[in-house]
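Single-letter residue listing:
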Amino acid sequence: RKEVEQDPGPFNVPEGATVAFNCTYSNSASQSFFWYRQDCRKEPKLLMSVYSSGNEDGRFTAQLNRASQYISLLIRDSKLSDSATYLCVVNPNDYKLSFGAGTTVTVRA
Amino acid sequence: GAVVSQHPSWVICKSGTSVKIECRSLDFQATTMFWYRQFPKQSLMLMATSNEGSKATYEQGVEKDKFLINHASLTLSTLTVTSAHPEDSSFYICSARGLGQGVVETNEKLFFGSGTQLSVL
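In this text, all values refer to a predicted model and were calculated from it rather than measured experimentally.

Trainee: Hey, could you run me through a nonpolar patch on the surface in this one?
Mentor: Residues and elements named next belong to chain B. Together, Trp 10, Ile 12 and Leu 121 line one region of the surface with nonpolar side chains, adding up to about 370 Å² of accessible area. Residue placement: Leu 121 occurs in the segment after β11 (116-120). Accessibility expressed as a relative area gives 64% for Leu 121, which makes it exposed.

And the structure:
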């Protein structure tokens, strides 16, 4: 079983729509969780950390469910510029990050 | 913010040649450098972790004699793909952790290079 699993998508949505997707992780001892954004053949860029109480950053909302071992990302009022691959990243120990394969989102005009 | 410069960004080479990829931390001292590989539509897979001045720690299944890592200074780490073959074609990317960065800060501010797309013919 992979340490981090994501629905690869793609999620094709019109501008202004809401899109949400999850990621599951296998290591119950994981302490830190993140969403990164990656554009094609570019480096990943931190979108947001995910906190136990859930957190919001503008149009982006992240939630953590430790009992079911998943995290989610919701994007409201999608923009064309939100088109990217979103990587779920989990920190199972103090230095090594585990990356999901990514969920591709395409926002169309 | 901190910057990690990775070169080259794109390499096309013949099978059997060696390719060197450099990662430099431009405004901080990178005590630890991570090297990842990413195949199309797959996740970043950690290949190895290198600490300045010591031998790299390779992940299971990664051949240390094929992927040579040198981290001789606090600002430079190199990955050399020796005798590259078409199956080594991939996106290679480094990330750096700096001196004094704690766990939470490190993971929230993991500094990535811009990546190198290697194509072996």
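Trainee: Help me understand the interface of chain A and chain B in this model?
Mentor: How big an interface is tends to be expressed through the accessible area that disappears when the partners come together. Taken together, the contact between chain A and chain B spans 19 residues of the former and 22 residues of the latter. Linking chain A to chain B there are 3 residue pairs in polar contact (both at pLDDT 80 or more). Elements supplying a minimum of two residues to the side of chain A that touches chain B: β4 (32-38), β5 (45-50) and β9 (84-91) of chain A. If one sorts the elements of the side of chain A that touches chain B by residue count, β4(A) sits on top with 3 residues. Counted by class, the side of chain A that touches chain B contains 10 nonpolar, 4 polar and 5 charged residues.

Trainee: What is the right way to read the side chain of B:Thr116 from this model?
Mentor: Relative to the helices and strands, B:Thr116 resides in strand β11. For B:Thr116, a relative accessible area of 0% puts it in the buried group.

Trainee: Help me understand the sheet that holds strand β1 (residues 4-7) of chain B, please; the structure alone is not making it clear to me.
Mentor: Backbone-to-backbone hydrogen bonds pair the strands of a sheet. The strands run either parallel or antiparallel. Residue and element names in this part refer to chain B. Strand order in the open sheet formed by 4 strands is β1-β3-β8-β7, with antiparallel pairing between adjacent strands. Unpaired on one side and paired on the other, β1 and β7 (67-73) mark the two borders of the sheet. Looking at each pair of strands side by side, their axes are set apart by 15 degrees on average, direction ignored. Strand direction decides the pairing type here: β7 and strand β8 (residues 76-81), joined by 5 bridges, are antiparallel. Bridging across to β8, Ser 73 finds its partner in Leu 76.

Trainee: Got a minute to help me understand unusual backbone geometry in this structure?
Mentor: With the exception of glycine, the majority of residues adopt a negative phi angle, and the majority of peptide bonds are in the trans configuration. Cis geometry is adopted by the peptide bond preceding A:Pro10, which originates at A:Gly9 and carries an omega value of 5 degrees. With an omega of -5 degrees, the peptide bond running from B:His7 to B:Pro8 counts as cis. Within the secondary structure, B:Pro8 is located in the loop between β1 and β2 (10-13). Even without being glycine, A:Gln69 reaches a positive phi, approximately 55 degrees. Relative to the elements of secondary structure, A:Gln69 occurs in the loop between β7 (60-65) and β8 (70-75). Even without being glycine, A:Asp77 reaches a positive phi, approximately 45 degrees. Among the structural elements, A:Asp77 can be located in the loop between β8 and β9.

What counts as what
Residues numbered from 1 in each chain as written. Chains lettered and ligands numbered in written order. Predicted model: local features only at pLDDT ≥ 70, side-chain atom pairs only at ≥ 80, totals over all residues. Heavy atoms only, no water. Patch = residues over 30% accessible without salt bridge, like charges linked within 9 Å, V, L, I, M, F, W, Y side chains within 5 Å. Areas by Shrake-Rupley, 256 points an atom, 1.4 Å probe, with all protein chains shown as cover. Salt bridge = Lys/Arg side-chain N within 4 Å of Asp/Glu carboxyl O. Helix = DSSP H or I, 4+ residues; strand = E, 2+ residues; numbered from the N terminus. Buried < 20%, exposed > 50% of the residue type's maximum accessible area, 1.4 Å probe, protein only. Contact = heavy atoms within 4.5 Å. Polar contact = N/O pair within 3.5 Å; in protein donor to acceptor, adjacent residues only side chain to side chain. Nonpolar A, V, L, I, M, F, W, Y, C, P; charged D, E, K, R; others polar. Pairing = 2+ DSSP bridges. Axes fitted to C-alpha atoms, helices over the stretch in contact; angles between N-to-C directions.

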